[in-house]
Amino acid sequence: MVVALIALSLVGCEKDCNAGYGKAADGICYPLATADDDSDDGGEVDSGDDGDAGDDGDAGDDGGDDGGDDGGDDGGDDGGGDAGDDGGDGGGGLAVTVSGTFTSEVAIESGALCSVSMWEEAAIDPETGQPDRQSYQDLSFAEIDCPASAGVATEYSGDLFLEEGQTVYFFAMIDQDADLLTVSDRSEGGATGNPFDAEPEGSVTGVDFVLLAPLGR
């Protein structure tokens, strides 16, 4: 439902966001909550039974073609679903396991969306220390469990994707209503230890966040 609403809001935008992102009211692309949707799509497209139906026909060629098509569809769709579940966008590269603690200074509403994103060094504005979202998009993002209580450090872990070793910056986000459209109920902050060195198939620990109240509170 969230994805459908965001898709409608993007009609007529001057510049499309990359796959897995939606444009908020401030004109900036933010990652969508697509993990569950990807998994569902993978299940629906699996049409192995259709291949059996082709075998029931007398024509051997039809059965062979159906089997080949089904195998190709299953492989592609299953791969897409796994990438979404493992690391949010999964848009290339190898997984980097990121872990640390996540603290929110205000209570987080039920159904809120919490995520962590990884940015290249060139994307960080040297004056503000924040990502330049108008010119860049994150390297990867992952949904994580939101803190259970305000002011309590909660451990988290997520897989993000990186193509090569480099210096990166991590940012966490809380969207209280999980629609990614309104700005006033969203808060974001960088890791206290930014920047970090990250390597594909490696891990980065001690990526801790303390997020303040959303902009409109």
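Shown above is the structure to which this text applies.
Note that the structure is a prediction, hence the values are computed from the model and not measured.

## Remarks on the state of the cysteines
Any covalent bond linking the sulfur atoms of two cysteines counts as a disulfide. A full pass over the atoms with the stated rule returns 1 disulfide. Here cysteine 114 pairs with cysteine 146 through a disulfide, and the sulfurs are 2.0 Å apart. The sign of the S-S torsion, about 115 degrees, decides the handedness of the disulfide formed by cysteine 114 and cysteine 146: right-handed. Within this pair, whereas cysteine 114 is found in strand S4 (residues 113-120), its partner cysteine 146 is found in the loop between strand S5 (140-143) and strand S6 (154-162), the two being separated by 32 residues in sequence. Here cysteine 114 falls in the buried class, since its relative accessible area comes to 1%.

## Some remarks on the pattern of salt bridges
Applying the stated criterion across every chain, the model contains 1 salt bridge. We note a salt bridge from arginine 133 to glutamate 188, for which the minimum N-O separation is 2.4 Å. Of the two residues, arginine 133 sits in the loop between S4 and S5 while glutamate 188 sits in strand S8 (residues 186-190), which places them 55 residues apart along the sequence.

## Notes on the nonpolar core
Nonpolar side chains in soluble globular proteins tend to end up buried together. Grouped together as the largest cluster of nonpolar side chains are 22 residues, with contacts concentrated most on Val98, Phe102, Tyr156, Phe170, Val204, Val207 and Phe209. Elements supplying a minimum of two residues to this core: strand S3 (94-104), S4, S6, strand S7 (166-175), strand S9 (196-198) and strand S11 (209-211). It is S7 that provides the largest number of residues to this core, a total of 4 residues. Residue contacts for phenylalanine 170: discarding those within four places in its chain leaves Val98, Ser117, Met118, Gly189, Gly190, Ala191, Asn194, Phe196, Val204, Val207 and Phe209. In this structure, Ala24, Ile28, Tyr30 and Leu113 belong to the second largest nonpolar core, which totals 7 residues.

## What about the packing of aromatic side chains?
One pass over the full model with this rule turns up 3 aromatic pairs. Here tyrosine 156 and phenylalanine 209 contribute two aromatic rings whose centre-to-centre distance is 6.0 Å and whose plane-to-plane angle is 40 degrees, an arrangement assigned as tilted. One end of the pair, tyrosine 156, is in strand S6; the other, phenylalanine 209, is in strand S11, and 53 residues separate them in sequence. Residues tyrosine 156 and phenylalanine 209 agree in their burial class; the two are buried. An aromatic cluster is built from Phe102, Tyr156 and Phe209, whose rings are joined through pairwise contacts.

Scoring rules and cut-offs
- Residues numbered from 1 in each chain as written.
- Predicted model: local features only at pLDDT ≥ 70, side-chain atom pairs only at ≥ 80, totals over all residues.
- Heavy atoms only, no water.
- Disulfide = S-S within 2.5 Å.
- Helix = DSSP H or I, 4+ residues; strand = E, 2+ residues; numbered from the N terminus.
- Buried < 20%, exposed > 50% of the residue type's maximum accessible area, 1.4 Å probe, protein only.
- Salt bridge = Lys/Arg side-chain N within 4 Å of Asp/Glu carboxyl O.
- Core = buried A, V, L, I, M, F, W, Y, C linked by side-chain atoms within 4.5 Å.
- Contact = heavy atoms within 4.5 Å.
- Phe/Tyr/Trp six-rings, centres within 6.5 Å; stacked < 30°, edge-to-face > 60°.

Purely spatial values, then, with no claim about function.
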